[in-house]
Amino acid sequence: MTDRTTEIVDAVTGSRRLRRNRRFDWIRRMVQEATLSPADLILPIFLIEGTDNEETIAAMPGVSRYTIDRAVKVAKQAFDLGIPAVAPFPNVSLEKRNRTGSEITNPDNLICQFVRAVKMSVPDIGVITDAALDPFTDHGHDGVLENGIIVNDESVAQIVLGALRQAEAGADIIAPSDMMDGRIGAIRQALDDAGFQNVGILSYTAKYASAFYGPYREAIGTDGLLQGDKKTYYIDPANSEDAMREAELDIAEGADMLMVKPGMPYLDIVRRMKVEFGMPVFAYQVSGEYTMIETAAANGYIDGDRVMMESLLAFKRAGADGILTYHALKAAQKMAGE
Ligand code: PBG
């Protein structure tokens, strides 16, 4: 290095050398903007029927489906790690699935049973339930299928009944993931009419017609069932204005919180939604995102733990208030130094 080089660098930087703030660990910690804590994480839990059993999910290494007794223990583990809430997703037997997804209206369905069991054993963890029909339909769609069409208003009616059963079971927040028009307003009104003024709504506001959901469909057993695709109700991955219009309507209809899904490929939507609406905004780091990280790590191509933590921090930097992630337990354990 020559003095001449230093002169030139000083001249072009105007002496503003940004690396000064990156010199040591202590100074990097001091100027760090986004932070991540277990309170930012929501744990999805897959449920199966039966007792004292669990099944691995081939497409999601490290994630299992649990019977309710075991799922409650997982919820307790999450609570002890400081994770504020869990989100159950059921895999019900085929004979309980039909064209209209009517099992969602059964007060003893897998979701409702789980909610009651958690509220009994781990009363201080939040329970966020998805009032979607897809685990209960025999065609894998989030709505009622009629002559090849997902009929909007009939689907909303069914989703509303499901939301009511979940609220009666003790769910704290209803999170409909179906993208039917008008469902937020309809759920809000039904909850209020039934005296559930304090049950909140986390709207899957910007749910995209994404290929990143692949492994989830194995998890809840819709992989062999789904007919066609969900493009007539989920948002086109090319669009962001559509997501903003959805947010506007969901807020007007009574949503308490908004969600963007998938997560990592849609951080621009998270950011826009946060800036334009100032609502609590959550992101769902979905199954395909989880599996990409885990399988690349298992092959030794990336450092899985570091990529996991970096991806979660990126959601916070983008403006998310929290992240639904299958990595929640592992990430919280890492933060606790376990
Ligand atoms: C549908 C639903 C989906 C997911 C959760 N609920 C999408 C779908 O199957 O089309 C995906 C979650 C994930 O991929 O982790 N209501």
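One can find the structure itself at the top, above this paragraph.
Starting from 1, residues in each chain are numbered consecutively following that chain's sequence as written. Residues qualify for local features only when their pLDDT is at least 70, as the model is predicted, and side-chain atom pairs are given and counted only at 80 or more; totals for whole chains, interfaces and linings, by contrast, use all residues. Only heavy atoms go into the side-chain values, all of them from the structure, while hydrogens and water stay out.

Caption draft 1: Examining the site of the ligand more closely. Residues in contact with the ligand amount to 16 residues; listed here are only the nearest, Ser177, Arg217, Lys261, Ser287 and Tyr326. Between N or O atoms, a polar contact is any pair within 3.5 Å; within protein, one atom must be a potential hydrogen donor and the other a potential acceptor, and residues adjacent in sequence are included only when both atoms are from side chains. One nitrogen or oxygen atom from the side chain of lysine 207 is found 3.2 Å from a nitrogen atom belonging to the ligand. Tyrosine 216 is positioned such that a nitrogen or oxygen atom in its side chain is 3.2 Å from a nitrogen atom of the ligand. Residue burial considers only the protein chains on display, and all accessible areas are found by Shrake-Rupley using a 1.4 Å probe. Protein contact buries 100% of the 400 Å² of open area that the ligand shows by itself. Split by residue class, the shell around the ligand holds 7 nonpolar, 2 polar and 7 charged. Residues are counted as near a molecule or strand when any one of their heavy atoms sits within 4 Å of it. Classes in brief: Ala, Val, Leu, Ile, Met, Phe, Trp, Tyr, Cys and Pro nonpolar; Asp, Glu, Lys and Arg charged; the others, Gly included, polar.

Caption draft 2: Inspection of the environment of lysine 230 at higher detail. Of note, lysine 230 is situated in the loop between α7 (214–219) and α8 (241–253). The rule is simple: take the accessible area with a 1.4 Å probe, protein chains only, and divide by the maximum for that residue type; under 20% is buried, over 50% is exposed, in between is partly exposed. A relative accessible area of 6% places lysine 230 in the buried class. Considering only alpha carbons, one finds lysine 230 and methionine 179, 51 residues apart in sequence, at a separation of 9.9 Å. Apart from the residues lying within four places of it in its own chain, the contact partners of lysine 230 are Asp134, Gly140, His141, Asp142 and Arg217. Reaching out from lysine 230, the side chain makes a polar contact with the backbone oxygen of glycine 140 at a distance of 3.4 Å. The helix count covers DSSP runs of H or I at least four residues long, the strand count covers runs of E at least two residues long, and both are numbered beginning at the N terminus. Whether two residues touch is decided by their heavy atoms; if any such pair falls within 4.5 Å, the residues are in contact.

Caption draft 3: Layout of the packing of aromatic side chains. Note on ring pairs: Phe, Tyr and Trp rings are taken, using the six-membered ring of Trp, and paired if centres are within 6.5 Å. Classes follow the plane angle, with under 30 degrees stacked, over 60 edge-to-face and the rest tilted. The tally for this structure, following the rule as stated, stands at 12 aromatic pairs. Ring centres of tyrosine 233 and tyrosine 234 lie 5.1 Å apart, and the angle between their planes is 75°; this geometry places the pair in the edge-to-face category. Residue tyrosine 233 is classed as buried on the basis of its relative accessible area of 8%. Looking at tyrosine 234, the relative accessible area reads 5%, which means it is buried. One aromatic cluster in this structure is built from Phe46, Phe89, Tyr204, Tyr216, Tyr284, Tyr290 and Tyr326. Just above the ring of tyrosine 213 sits the side chain of lysine 207; from NZ or CZ to the centre is 5.6 Å. Cation placement over rings: the criterion is NZ of Lys or CZ of Arg within 6 Å of the ring centroid and within 35° of the ring normal.

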